[in-house]
Amino acid sequence: MKCIYCKNKETSVKNSRKTNAGMYIWRRRECKQCEAIFTTKESPLADNIFIIKRNGKRQRFVYEKLLVSVIYALEGGKNRDHGTEALFAKRISRLVIEDILKFGKKDITTEFLIVSIYTHLQKISTFGADRYMYYSEYRLGICSRLKFTKKYRNYFSENNFF
């Protein structure tokens, strides 16, 4: 890990803790050259998760896309966010990432992602879940039917989503 101040590559970990139910690792680091102390928050979700799109193409999972789609669903319009929507969106995004990690596959389908987001949105805001569902015909079809493959249905029902 590079020092954020002097860019030296030699740093040592002084303290380390898991946060958010093990989703992140908080570390206090010290630079061996400038002796500055700084904190990092590391996520176990690496760049090794891929989304299988409807057309069969594989696309790298991007956390920011997930977060933005949930914020749009929750905010109810431009410039109406007073901070709570962003906090809920971060919480839902974290839960979706936990679902992805629990699922244990490197490749997940768009359908899996949509169902995971929708089920978590329903718990916090039915209005937000409806806005998310009506964003596209594809989402509407998945969320209104909820006739996804047996392995997804089993996964979500075993983890008490329904």
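Data block above holds the structure.
Residues numbered from 1 in each chain as written. Predicted model: local features only at pLDDT ≥ 70, side-chain atom pairs only at ≥ 80, totals over all residues. Heavy atoms only, no water.

### Considering the packing of aromatic side chains
Point 1. With the rule as written, the count across this model stands at one aromatic pair.
Point 2. Their ring planes at 35 degrees and their centres at 4.5 Å tell us that Phe103 and Phe112 sit as a pair that is tilted.
Point 3. Relative accessible area serves as the criterion here: at 0%, Phe112 is assigned to the buried category.
Point 4. Taking NZ or CZ as reference, Arg58 lies 3.8 Å from the ring centre of Phe50, over its face. (Phe/Tyr/Trp six-rings, centres within 6.5 Å; stacked < 30°, edge-to-face > 60°. Buried < 20%, exposed > 50% of the residue type's maximum accessible area, 1.4 Å probe, protein only. Lys NZ or Arg CZ within 6 Å of the ring centre and 35° of its normal.)

### What about the side chain of Ser125?
Point 1. Tracing the chain through its elements places Ser125 in the loop between helix H3 (110-124) and helix H4 (126-133).
Point 2. A polar contact is formed between the side chain of Ser125 and the backbone nitrogen of Gly128, at a distance of 2.8 Å. (Helix = DSSP H or I, 4+ residues; strand = E, 2+ residues; numbered from the N terminus. Polar contact = N/O pair within 3.5 Å; in protein donor to acceptor, adjacent residues only side chain to side chain.)

### Description of the environment of Tyr24
Point 1. Secondary-structure assignment places Tyr24 in strand E2 (residues 24-31).
Point 2. Residue class for Tyr24 comes out buried when judged on its relative accessible area of 15%.
Point 3. When the C-alpha atoms of Tyr24 and Lys41 are compared, they prove to be 6.3 Å apart, with 17 residues separating the residues in sequence.

### A word on the sheet that holds strand E3 (residues 37-42)
Point 1. Taking strand neighbours across the sheet as the criterion, the three strands line up as E1-E2-E3 in an open arrangement whose pairing is antiparallel. This sheet does not close on itself; its edge strands, each paired only once, are strand E1 (11-19) and E3. Strand-to-strand twist of the sheet, defined as the mean angle between neighbouring strand axes without regard to direction, takes the value 20 degrees.
Point 2. Taken together, the eight bridges between E1 and E2 define a ladder with antiparallel strand orientation. (Pairing = 2+ DSSP bridges. Axes fitted to C-alpha atoms, helices over the stretch in contact; angles between N-to-C directions.)

### Some words on H3
Point 1. Taking 1.5 Å per residue as the helical rise, H3 with its 15 residues ought to reach 21 Å, and the 22 Å between its terminal C-alpha atoms agrees with that figure.
Point 2. For H3, a buried count of 11 out of 15 residues is recorded, marking the element as mostly surrounded by other parts of the structure.
Point 3. For H3, the complete set of buried residues consists of Thr110, Phe112, Leu113, Ile114, Val115, Ser116, Ile117, Tyr118, Thr119, His120 and Leu121. (Expected span 1.5 Å × (residues − 1).)

### Observations concerning the pattern of salt bridges
Point 1. Taken as a whole and assessed by the stated rule, the structure comprises five salt bridges.
Point 2. Between Glu30 and Lys14 there is a salt bridge whose closest N-O contact spans 3.2 Å. Within this pair, whereas Glu30 is found in strand E2, its partner Lys14 is found in strand E1, the two being separated by 16 residues in sequence.
Point 3. A single network of salt bridges, built from pairs that share partners, joins Arg27, Arg29 and Glu42. (Salt bridge = Lys/Arg side-chain N within 4 Å of Asp/Glu carboxyl O.)

### Points about the sheet that holds strand E4 (residues 50-52)
Point 1. Pairing is mixed in the open sheet, where three strands are placed in the order E5-E4-E6. Lying at the two open borders of the sheet, with one neighbouring strand each, are strand E5 (58-60) and strand E6 (107-109). With strand direction ignored, the average angle separating the axes of adjacent strands in the sheet is 35 degrees.
Point 2. Looking at chain direction, E4 and E5 are connected through three bridges and run antiparallel. Bridging across to E5, Ile52 finds its partner in Arg58.
Point 3. Contacting E4 and E6, H3 crosses the sheet at an angle of about 70 degrees to E6. (Contact = heavy atoms within 4.5 Å.)

### Quick look at unusual backbone geometry
Point 1. For Lys7, which is not a glycine, the phi torsion comes out positive at approximately 70 degrees.
Point 2. Here Lys7 is to be found in the segment before E1.
Point 3. Residues other than glycine seldom take positive phi values, yet Glu35 does so here, at roughly 65 degrees.
Point 4. Within the secondary structure, Glu35 is located in the loop between E2 and E3.

These figures capture arrangement, not role.
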